[in-house]
Amino acid sequence: AAQGGCGLAAGVAHPDGAATLVGFRDEAGGSRRGWVVRLDAAGTLLWQAAAGEPGQQELGGLTATPQGLLAAGFRAAGGAKVAWWLGIDALGGVPWQRLGTGGQEAAAAASQAGLAVVVAGSTTGGLPQPWWQAVTPGGHVLWQGTLPVQGAAALTAVAEASDGGLVAVGATTL
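What you see is a predicted model, and the numbers here were worked out from it, not measured in a lab. (Residues numbered from 1 in each chain as written. Predicted model: local features only at pLDDT ≥ 70, side-chain atom pairs only at ≥ 80, totals over all residues. Heavy atoms only, no water.)

Counting 13 residues, the largest nonpolar core has Val 22, Val 36, Leu 59, Leu 62, Ala 71, Leu 86 and Ile 88 as the members making the most contacts within it. Secondary structure elements with two or more residues in this core: β1 (6-13), β4 (45-51), β5 (56-65), β6 (68-77) and β7 (80-88). With 3 residues, the top contributor of residues to this core is β7. In this view, Val 22 contacts Leu 8, Ala 9, Ala 10, Trp 35, Val 36, Leu 59, Gly 61, Leu 62, Ala 71 and Ile 88; residues no more than four positions away in its chain are not counted. (Core = buried A, V, L, I, M, F, W, Y, C linked by side-chain atoms within 4.5 Å. Buried < 20%, exposed > 50% of the residue type's maximum accessible area, 1.4 Å probe, protein only. Helix = DSSP H or I, 4+ residues; strand = E, 2+ residues; numbered from the N terminus. Contact = heavy atoms within 4.5 Å.)

Shown next as structure tokens:
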């Protein structure tokens, strides 16, 4: 069980009625790690796992891919946040993880036609701006960019539209 606080931010329902959820949990010594939880159809805990190294990390997005699940969030070091995305297998293992180049925070993830995953959030240096990137189901970056807006803004959710495009929503200080 988690020591201190914990929170769940996103989830994926599975065909058997089970669900996988991601978020964070506080640990002894002031560390915060990504947290992955699997529940059966009745809501009974099947397993839970901490993701990442001891430090400051949170997972805020989760989506299914042909290889399993992809979670997205951030890692913080020295006060700076870096986008972080990782693969999660059926038992909560992390077969791979990737870090952004710095200055981004991921908050959402969505599969697009099963071929790419879009990770969305915001830049973290200066005035935050909406940021997103497409990655392969194995986590390799295909493209990334920002959406310039007036004021501070961030993307908080992204989903595949019925026509195969994407819908993204967020918040701004306009």
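So, next bit.
In total, this model carries 1 aromatic pair according to the counting rule given. Over the aromatic face of Trp 84 sits the side chain of Arg 75, whose NZ or CZ is 5.3 Å from the ring centroid. In this arrangement the basic side chain of Lys 81 is found over the ring face of Phe 74, its NZ or CZ atom lying 4.5 Å from the centre. (Phe/Tyr/Trp six-rings, centres within 6.5 Å; stacked < 30°, edge-to-face > 60°. Lys NZ or Arg CZ within 6 Å of the ring centre and 35° of its normal.)

The buried fraction of strand β10 (residues 116-123) is high, at 8 of 8 residues. Relative to β10, strand β9 (residues 104-112) is paired through 8 bridges, and the arrangement is antiparallel. Its bridge partner lying in β10, Gln 104 is registered against Thr 123. Relative to strand β11 (residues 130-135), β10 runs antiparallel, the two being bridged by 6 bridges. Across the sheet, the residue bridging to Ala 120 is Trp 132, located in β11. Hairpin connection, β10 to β11: the antiparallel pair is bridged by 6 residues, and Gly 126 has positive phi, about 70°. (Pairing = 2+ DSSP bridges.)

By themselves, these are just geometric observations and shouldn't be taken as functional.
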